[in-house]
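# Examination of the molecular architecture
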Amino acid sequence: MIPPIASRFVAGETPAEAIAHVEELNERGVNAILNLLGEHYHERPPADEDAQAYQTLIEDIDQSGVDACVSVKPSQIGLDIGEEVFAENFADVVETGDEHDVFVWVDMEDHETTDATLDAFERLTTEHDGGVGICVQANLKRTGEDLERLSDLPGKVRLVKGAYDEPAELAYQEKSRVNEAYRDYLEFMFREFEDGVAVGSHDPEMLEYARELHDEYGTPYEAQMLMGVRDDAQYDLAAEGVEVWQYVPYGGKWLSYFYRRAMERKENLLFALRAVLGR
Ligand code: FAD
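Residues numbered from 1 in each chain as written. Predicted model: local features only at pLDDT ≥ 70, side-chain atom pairs only at ≥ 80, totals over all residues. Heavy atoms only, no water.

### Focus: the pattern of salt bridges
Heads up, the condition is: Salt bridges are defined as contacts in which a side-chain nitrogen from Lys or Arg sits within 4 Å of a carboxyl oxygen from Asp or Glu. Secondary structure elements are taken from DSSP: a helix is a run of H or I of four residues or more, a strand is a run of E of two residues or more, and numbering for both begins at the N terminus. For each residue, the accessible area found with a 1.4 Å probe, counting protein chains only, is set against the maximum for its type, and the residue is called buried under 20%, exposed over 50%, and partly exposed in between.
Under the criterion given, the structure shown has 17 salt bridges. The residue glutamate 88 makes a salt bridge to arginine 44 at a minimum N-O spacing of 3.1 Å. Of this pair, glutamate 88 sits in helix α3 (residues 83–100) while arginine 44 sits in helix α2 (residues 44–64), and the two are 44 residues apart along the sequence. Note on glutamate 88: relative accessible area 43%, which makes it partly exposed. Residue classification places arginine 44 among the partly exposed positions, given a relative accessible area of 30%. Taking the shortest distance from any N to any O, the salt bridge between arginine 177 and glutamate 180 comes out at 3.9 Å. Of this pair, arginine 177 and glutamate 180 are both found in helix α6 (residues 175–192), 3 residues apart, which corresponds to roughly one turn of the helix. Where salt bridges share partners, they join Arg44, Asp48 and Glu88 into one cluster.

What follows is the structure, encoded as structure tokens:
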């Protein structure tokens, strides 16, 4: 069992615990994007195992009737082993998603994985006529061109600022420049993407800008935020009628994820320390 201190950011170790969390979210008008924690497998068995676990999870989502989809990491289902391993496992997960009417997202990892992830997405979203979503990162200088390519495809796109340290020749380094790029890309997406826009950010300024763009262009959109980060804002947005999806990690590999969340902001670290000290 995960300790209560980590349960702000992680929904539990098992699919059953994760689905119980989703039921609570759904009652508050928030949908869920389930992510089984795991990444960077260098051997085939764990990559195949997690791809299989996602397929079982999809069946569980369908059976339980919750409003949830899944999001997989390329290196979790084989990209570090080989592009063909990733492509095969990703195709199996998307196929199962299609059979059970459960949407499948693919997260975006560091810049060395961008082409392989886009290529696999393009193949599958074309084959399945949507039902698949991909994430792109505003800090990468190539993202404007990637969005042009994605605007011709079915499926959904989540725009995030980017979580990986990338070299200066490939990525904007200053926060203000990343924010500027984020706003530009959002505007492009609301203008060009008929299937809707996924705003993957906790930033009140970006969420407000998305609302303005929605009013201007009429394009549907959803706000996506992490479990444990601005939860109240998630419930408030849902109550105002915005479609909100909470990214919900679960699984046995919760420790390093929890550590990352606790360290990224002073308030999260204080929250963790207070929980340890019982205050
Ligand atoms: P920031 O630029 O970090 O902060 C801007 C403002 O937002 C802050 O000033 C504050 O007002 C508010 N805020 C931000 N964080 C907090 C907090 N913890 N508590 C309170 N207020 C806060 N990255 C990838 O590279 N690949 C992915 O596939 C990917 N998927 C993601 C999926 C989802 C659903 C989300 C939400 C993020 C994902 N990310 C991914 C991470 C993303 O790239 C950013 O690193 C992360 O979201 C931080 O950027 P931000 O836009 O939320 O806000």
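### Side note on the packing of α3 against helix α4 (residues 114–127)
Note the following rule: Throughout, an axis means a line fitted to C-alpha atoms (over the contacting stretch in the case of helices), and angles, computed between N-to-C directions, take values from 0 to 180 degrees. It is the rotation of the near helix from the far one that decides the hand of a crossing: anticlockwise by less than a right angle makes it left-handed, clockwise makes it right-handed. Pairs of residues are marked as contacts when any of their non-hydrogen atoms sit within 4.5 Å. Charged residues are taken to be Asp, Glu, Lys and Arg, nonpolar residues to be Ala, Val, Leu, Ile, Met, Phe, Trp, Tyr, Cys and Pro, and polar residues to be all remaining types, Gly included.
It is the contact of α3 with α4, at a shortest axis distance of 10 Å, that shows an interaxial angle of 40°. In this structure, α3 crosses over α4, and the sense of that crossing is right-handed. Mapping the contact onto sequence places Glu83, Phe86, Ala87, Phe90, Ala91 and Val94 in α3 and Ala116, Thr117, Ala120, Phe121, Arg123 and Leu124 in α4. In terms of residue class, the contact of α3 with α4 is made up of 9 nonpolar, 1 polar and 2 charged.

### With respect to helix α5 (residues 143–151)
Keep this limit in mind: By construction, the arc corresponds to the directions joining the helix axis to the C-beta atoms.
All of the buried residues in α5 are Thr143, Asp146, Leu147 and Leu150. When α5 is viewed along its axis, its buried side chains cluster within an angular range of 100° and face the same direction. Of the surrounding elements, those touching the buried residues of α5 are α4, β4 (132–137), β5 (156–160) and α6.

### A look at the environment of aspartate 50
Structurally, aspartate 50 is set in helix α2. With residues up to four places along the chain from it excluded, the contact list for aspartate 50 reads Leu36, Leu37, Gly38, Tyr41 and Gln76.

### A few points about the packing of aromatic side chains
Here is the rule: Any pair of Phe, Tyr and Trp rings, taking the six-membered ring for Trp, is counted once the centres come within 6.5 Å. Such a pair is stacked with planes under 30 degrees apart, edge-to-face with planes over 60 apart, and tilted for the rest.
Enumeration over the complete set of coordinates arrives at 5 aromatic pairs. Between phenylalanine 9 and phenylalanine 258 the ring centres are 6.2 Å apart and the planes differ by 45°, which places this aromatic pair in the tilted class. In this pair, phenylalanine 9 is assigned in the segment before α1 (15–27) and phenylalanine 258 in helix α9 (residues 254–264), connecting sequence segments 249 residues apart. Comparing phenylalanine 9 with phenylalanine 258, the two get one shared label, buried.

### A word on the site of the ligand
We apply this condition: Whether a residue is near a molecule or strand depends on its heavy atoms: it is near if one of them lies within 4 Å of it. Polar contacts, as counted here, are pairs of nitrogen or oxygen atoms within 3.5 Å of one another; within protein the pair requires one atom able to donate a hydrogen and one able to accept it, and residues that are adjacent in sequence qualify only if both atoms are side-chain atoms. Working definition of accessibility: Shrake-Rupley area with a 1.4 Å probe, residue cover restricted to the visible protein chains.
What surrounds the ligand is a group of 23 residues, the closest being Lys161, Gly162, Ser201, His202 and Arg265. With respect to the ligand, the side chain of lysine 175 contributes an N or O atom lying 2.9 Å from an oxygen atom. In this structure, an oxygen atom belonging to the ligand sits 2.7 Å away from a side-chain N or O atom of serine 201. Protein contacts shield 79% of the accessible area of the ligand, which totals 940 Å² for the unbound molecule. Going through the elements one at a time, β4, β5 and β7 (221–226) are the ones with two or more residues in the shell around the ligand. If one sorts the elements of the shell around the ligand by residue count, β7 sits on top with 3 residues. Its residues assigned to classes, the shell around the ligand shows 10 nonpolar, 6 polar and 7 charged.

### Re the environment of glycine 65
Within the secondary structure, glycine 65 is located in the loop between α2 and β2 (68–72). Along the chain, glycine 65 and isoleucine 19 lie 46 residues apart, while their C-alpha atoms are 9.9 Å from each other.

### Quick look at the side chain of threonine 96
Among the structural elements, threonine 96 can be located in helix α3. Once you skip the residues sitting within four places of it in the chain, threonine 96 turns out to touch Gln55 and Ile58.

### What about the sheet that holds β2?
As a reminder, the rule being used: Here the rule is simple: two strands pair whenever DSSP picks up at least two bridges between them.
One closed barrel accounts for 8 strands, arranged β1-β2-β3-β4-β5-β6-β7-β8; its pairing is parallel. The sheet shows a mean angle of 25° between the axes of neighbouring strands, direction not considered. Contacts from α2 reach β1 (31–36), β2, β3 (104–106) and β8 (243–250), with the element oriented near 170° to β2. Against the sheet, α4 contacts β3, β4 and β5, and its axis sits at roughly 155° relative to β4.

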